[in-house]
Amino acid sequence: MSTVLPALDACGDTGLDATPYGDRVVIPHAQTLSRSSFTTFKTLLATGLISACLTNADNQRLLGQGVGAKALTNAVDLDGKLRRPGEAGDTKCIVFSFLSTECPISNSYLPLLNELSSRYRRQGIEFYGVISDPAVTRREAIEHSEAYKVSFPVLFDGSGKLRLALSPTHTPQAIVVSDSGKMLYSGAIDDRYVKLGKKKDVANRDFLQLALQSVVDDQPIALPKTTPIGCPLEDPPNKTQSGSVTYTRDIAPIIQANCVCCHRPNQSGPFELLTYEDVSGHARQIIEVTQSGFMPPWKPSTVYPRFQDEQRLTKHELDLLSTWVEMGKPQGDPADLPASPAVETGWRLGEPDKVLEMSEVFPIPASGPDIRQYFVIPTRLTENRLISAVDFQPGTPQAVHHASFFLDGRRVGRHLDEADPSPGYSGFGGPQFESQGTLSSWFPGMAARPLPDGMGRWIPRGADIVAEIHYVCTGKPERDRSKIGIYYAKRSARQVVVELQVGEKRLEILAGEKRHLETADYTLPVDTTLLDIVPHMHVLGREIKVLATQPDGAVKPLLWIKDWDFNWQGQYAYAEPVELPKGTKISVQAWYDNSSDNPLNPNSPPRTVYWGSDSTDEMLICNFQCTCKTMQELKELQQHQRRYIARNNQTAKETAAK
């Protein structure tokens with residue numbers, strides 16, 4: 001397998017997205033090479049280490065992703081509620097039922113779809129109706145849903161995004177997609193209709209129900225494709241070519257699904273994006289930040305595993321935004337306008353079991369550099385507890401960039417706090433001591449989520465939480481006193497979640513090196529389930545890639561951030577836990593730019609940089625929240641981790657002494 005990583009790196013150098021698969025590297029279909037990369041690409045093809053220009057079917061088989069993956073993006077339903085298909089913690093699959101407001105066959109199936117939705121939603125199956133008819137307004141779709149008492153959420157596909165992703169041909173047509181984007185079933189709901197104008201009194205084969213029961217039973221679907229009988233869907237117009245893009249039908253849903261979580265009153269966005277006037281007044285700025293990838297702020301590559309709370313725009317959505325501005329920002333029919341987004345107030349998971357608050361107000365000046373301050377917040381727990389979630393309420397949302405929360409069972413942070421005269425204590429790159437783990441992180445727009453049922457992070461009685469808060473100056477003085485909400489796991493929870501660390505402290509990044517590679521490896525001593533990943537570098541960091549090589553040689557991608565930004569590092573929770581067998585090697589590759597071309601380089605002229613917690617130092621750490629099936633395996637993992645971290649620390653001391 002040693003030959004795979006160089007091939008993967010070379011693909012990255014050519015500008016291609018690529019992913020490891022067994023002993024090869026797979027390049028997704030229909031990518032374009034620059035002329036300068038063609039020679040390198042031909043050499044890679046000759047080695048037999050990569051496969052390129054695969055069919056879509058091959059991509060689905062090899063990459064483990066289906067054409068349905070593009071359907072699993074943020075959307076707004078007819079009630080104006082933000083939906084994230086496939087992101088519930090227990091989701092097994094998602095059903096998209098393409099419906100019509102006028103087709104009698106489609107309408108006749110609504111009672112059955114209501115029944116199936118009610119029956120299967122408690123078994124991890126999400127149901128969504130989809131109205132994707134260019135002749136139907138959103139208001140008409142709402143009236144139809146109310147008249148037929150549709151009990152599941154209905155998505156208004158005004159721009160045709162879901163049509164493009166799932167390729168339905170008729171209404172009604174059911175399409176079942178796994179939470180990772182694989183298409184599991186497509187076709188008729190049952191065989192009641194033989195053809196148009198001919199139907200049975202009772203269906204003999206319940207295609208959709210049989211498919212869903214197979215998913216629930218963890219069995220393959222015997223009949224993954226059938227022919228839908230109903231009203232043909234007319235081809236949607238190519239709006240980016242015809243210029244028929246409007247705010248009410250096409251742009252407002254994009255903004256509501258991806259931007260309004262931050263760009264609304266009393267949140268972190270610098271301006272609101274709630275109305276046509278708001279969006280039209282910032283249209284060119286929106287184009288600039290979305291086309292560059294700066295907004296929405298989401299760093300992981302699309303090639304790698306699916307994460308919860310993904311905030312990214314599809315190419316179709318980016319094209320719609322550009323076309324709308326080019327055509328003069330037409331407002332459109334008011335009947336197409338989505339309902340105003342619901343304003344969430346208070347704690348998203350309900351009232352916490354324990355609310356913790358900063359002991360003092362922290363003043364933020366009107367101008368100056370960003371501030372990273374650490375606040376020691378006692379939990380005042382009188383007994384050991386397992387917690388299932390941590391939420392955060394910034395006291396001054398517009399001034400809080402992000403926050404992270406570290407467990408301090410030894411109360412080391414209190415000494416650092418006492419030595420600093422200001423509220424909390426200042427630092428860079430971490431809490432300035434070896435914590436007992438990162439409990440959680442918070443970013444604007446991020447939804448707090450509980451751990452899976454039966455799991456919890458262990459908090460010892462009397463422990464402190466050290467909150468790292470990254471502040472930005474807003475142009476006027478601000479005052480912050482933020483709160484943390486703690487949610488206990490159920491008393492019946494028995495599966496303990498711990499932190500696993502993969503890192504390298506023997507860093508030596510030579511002055512002037514533009515693409516310096518450092519690596520870290522860790523081999524799992526027991527079967528382990530990964531729940532999330534938290535990469536960490538400082539400002540010289542440019543790219544980070546994390547892979548898991550299993551004992552049989554199969555490679556699972558865990559993360560790839562191609563454009564590292566210290567200010568947008570995050571905690572990324574896998575949409576589906578990643579199960580790895582004993583003997584799996586987790587490999588972290590990190591590239592640094594220590595040249596004078598790096599505008600963020602803190603040293604001028606550049607100097608050789610080593611491991612350290614200061615802004616002029618660097619780090620290479622990748623943390624995971626993980627668990628094991630048995631306490632014995634978990635104890636073995638923790639003991640192995642302690643030895644691994646101790647060796648890493650000792651090596652760092654020896655390197656520093658030299």
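Computed from a prediction, not measured in an experiment: that's the story for all the values here.

**Q** Quick question: what am I supposed to make of a negative patch on the surface here?
**A** Together, D79, E102, E140, E143, E146 and D333 give the surface a local cluster of negative charge. Taking the relative accessible area as the measure of exposure, E102 reaches 68% and is therefore exposed.

**Q** What am I meant to see in the sheet that holds strand 30 (residues 541–549) here?
**A** In a beta sheet, neighbouring strands pair by backbone hydrogen bonds and run either parallel or antiparallel. Here four strands make up an open sheet; going across it, the order is 28-33-30-31 and the pairing antiparallel. Two strands bound the open sheet, and with one partner strand each, they are strand 28 (516–523) and strand 31 (555–561). Each neighbouring strand pair of the sheet contributes to a mean axis angle of 15°, computed without reference to strand direction. As judged from the eight bridges shared by strand 28 and strand 33 (residues 585–592), these two strands associate in the antiparallel manner. Across the sheet, the residue bridging to T523 is K585, located in strand 33.

**Q** Looking at this structure, how should I read the state of the cysteines?
**A** Working definition: the covalent bond between the sulfur atoms of two cysteines is a disulfide. Within this structure, the stated rule accounts for one disulfide. Here C103 is linked by a disulfide to C231, with a sulfur-sulfur distance of 2.2 Å. Torsion about the S-S bond of the C103 and C231 cystine: about 80°, corresponding to right-handed handedness. Taken together, the residues span a long stretch of sequence, with C103 in the loop between strand 6 (93–99) and helix 4 (104–108) and C231 in strand 14 (residues 231–232) at a distance of 128 residues. Judged by its relative accessible area of 3%, C103 falls in the buried class. A relative accessible area of 24% places C231 in the partly exposed class. C262 takes part in no disulfide bond, and the closest cysteine sulfur to it belongs to C261, at a distance of 3.9 Å.

**Q** What is the right way to look at the pattern of salt bridges in this model?
**A** Where charged atoms of side chains with opposite charge meet at close range, the side chains can pair. In the structure shown here, the tally under the stated rule is 22 salt bridges. Linking R385 and E383 is a salt bridge whose minimum nitrogen-to-oxygen distance equals 3.7 Å. Look at R385 and you get buried, because its relative accessible area is 10%. We note a salt bridge from K505 to E434, for which the minimum N-O separation is 3.3 Å. Residue K505 is located in the loop between strand 26 (495–503) and strand 27 (508–509), and its partner E434 is located in the loop between strand 20 (425–426) and strand 21 (438–442); the two are separated by 71 residues in the primary sequence. Of the residues examined, E434 reaches a relative accessible area of 40% and is grouped as partly exposed. Several salt bridges share partner residues, and in doing so they unite R84, D309 and R449 into one network.

**Q** Before we go on, may I ask you to explain the nonpolar core in this structure?
**A** Note on soluble globular proteins: their nonpolar side chains tend to be buried together. The biggest cluster of nonpolar side chains holds 46 residues, and the ones touching the most others in it are I586 and F624. With residues up to four places along the chain from it excluded, the contact list for F624 reads V498, E499, L500, V502, L530, D532, I533, V546, L558, Y574 and I586. Core analysis: the next-biggest nonpolar cluster, separate from the first, contains 33 residues, V95, C103, I189 and V216 among them.

**Q** Hey, could you run me through helix 12 (residues 283–291) in this one?
**A** Note that an α-helix has 3.6 residues per turn; residues three or four places apart therefore point the same way. Turning to helix 12, its buried residues are A283, I286, I287 and T290. One side of helix 12 holds all its buried residues, which, seen down the axis, span an arc of 100°. In helix 12, the exposed positions that point more than 90 degrees away from the buried face belong to R284 and E288.

**Q** Hey, could you run me through the environment of T246 in this one?
**A** By secondary structure assignment, the location of T246 is in the loop between helix 9 (239–242) and helix 10 (247–258). Put simply, T246 and G158 are 88 residues apart on the chain and 10.0 Å apart in space, counted from C-alpha to C-alpha. Beyond its immediate chain neighbours, meaning those up to four positions away, T246 contacts I251, W324, P330, Q331 and G332. Within polar-contact distance, the side chain of T246 engages the backbone nitrogen of R249 at 3.4 Å.

**Q** What is the right way to read the sheet that holds strand 11 (residues 183–187) from this model?
**A** If you walk across this open sheet you meet the five strands as 8-7-6-10-11, and the pairing is mixed. Every other strand in the sheet has two partners, leaving strand 8 (154–156) and strand 11 as the edge strands with one partner each. Averaged over all pairs of adjacent strands, the angle between strand axes in this sheet comes to 20°, irrespective of strand direction. Two strands pair when backbone bridges link them, and strand 6 and strand 7 (residues 125–131) are joined in this way by seven bridges, in the parallel orientation. Its bridge partner being in strand 7, S97 is matched across the sheet by G129. Across the sheet, helix 5 (residues 110–120) is in contact with strand 6 and strand 7; its angle to strand 7 comes to roughly 150°.

**Q** Just checking my understanding: could you explain the packing of aromatic side chains for this structure?
**A** Aromatic rings considered in pairs are described by the distance between their centres and by the relative angle of their planes. Per the stated rule, a full pass over the model turns up 19 aromatic pairs. Considering the side-chain rings of Y247 and W324, the 6.1 Å spacing of their centres and the 35° angle between planes classify their relative orientation as tilted. Taken together, the residues span a long stretch of sequence, with Y247 in helix 10 and W324 in helix 13 (residues 315–326) at a distance of 77 residues. Judged by relative accessible area, W324 falls into the buried class, the value being 1%. A ring pair is formed by F428 and F566, whose centres lie 4.8 Å apart and whose planes are at 15°; its orientation type is stacked. Taken together, the residues span a long stretch of sequence, with F428 in the loop between strand 20 and strand 21 and F566 in the loop between strand 31 and strand 32 (572–580) at a distance of 138 residues. Note on accessibility: F428 and F566 belong to one class, buried. Taken together, the aromatic side chains of W298, F307, Y572 and Y574 make up a single cluster linked through ring pairs.

**Q** Just checking my understanding: could you explain the confidence of the model for the protein for this structure?
**A** Low-confidence regions, as indicated by low pLDDT, have predicted coordinates that should not be scrutinised in detail. Summary statistics for the protein give a mean pLDDT of 86 and a share of 87% for residues scoring 70 or more. Every residue in residues 1–66 is under pLDDT 50, and counting partners more than four places away or in other chains gives 125 contacts.

What counts and what doesn't
The residue numbers shown here count from 1 along each chain, following its written sequence. Totals for whole chains, interfaces and linings use every residue, but because this is a predicted model, local features are given only for residues with pLDDT of at least 70 and side-chain atom pairs only at 80 or more, for both listing and counting. Hydrogens are left out, water is left out, and the side-chain values use all remaining heavy atoms of the structure. Candidates for patches are residues over 30% relative accessible area with no salt bridge; among them, like charges are joined within 9 Å and nonpolar side chains (Val, Leu, Ile, Met, Phe, Trp, Tyr) within 5 Å. Surface exposure here means Shrake-Rupley accessible area, sampled with a 1.4 Å probe, where a residue is shielded only by the protein chains that are shown. The term salt bridge refers to a pairing of a side-chain nitrogen on Lys or Arg with a carboxyl oxygen on Asp or Glu at a separation within 4 Å. Asp and Glu count as negative and Lys and Arg as positive, but His and the ends of the chain are not part of the count. Where a charge lies is defined by one atom per residue type: Lys uses NZ, Arg uses CZ, Asp uses CG and Glu uses CD. Note on classification: 1.4 Å probe, protein chains only; a residue is buried when its accessible area is under 20% of the maximum for its type, exposed when over 50%, partly exposed between these limits. Any two strands with at least two DSSP bridges between them are considered paired. Starting at the N terminus, helices and strands are each numbered in turn, a helix being any DSSP run of H or I of at least four residues and a strand any DSSP run of E of at least two. Every axis in this analysis is a line fitted to C-alpha atoms, fitted for helices over the stretch in contact. Angles between the N-to-C directions lie between 0 and 180 degrees. In this description, a disulfide is simply a cysteine sulfur pair whose atoms lie within 2.5 Å. Nonpolar core, defined: a set of buried Ala, Val, Leu, Ile, Met, Phe, Trp, Tyr and Cys residues in which side-chain atoms within 4.5 Å join the residues together. Contact criterion: two residues are considered in contact whenever any of their non-hydrogen atoms come within 4.5 Å of each other. As used here, the arc belongs to the directions running from the helix axis to the C-beta atoms. By the criterion applied in these results, polar contacts are pairs of N or O atoms within 3.5 Å in which, for protein atoms, one can donate a hydrogen and the other can accept it, and in which residues neighboring in sequence qualify only through two side-chain atoms. Each Phe, Tyr or Trp ring (for Trp, its six-membered ring) is paired with any other whose centre lies within 6.5 Å, and the angle between the two planes then decides the class: stacked below 30 degrees, edge-to-face above 60, tilted in between. Summary of the metric used: pLDDT quantifies the predictor's per-residue confidence within the range 0 to 100.

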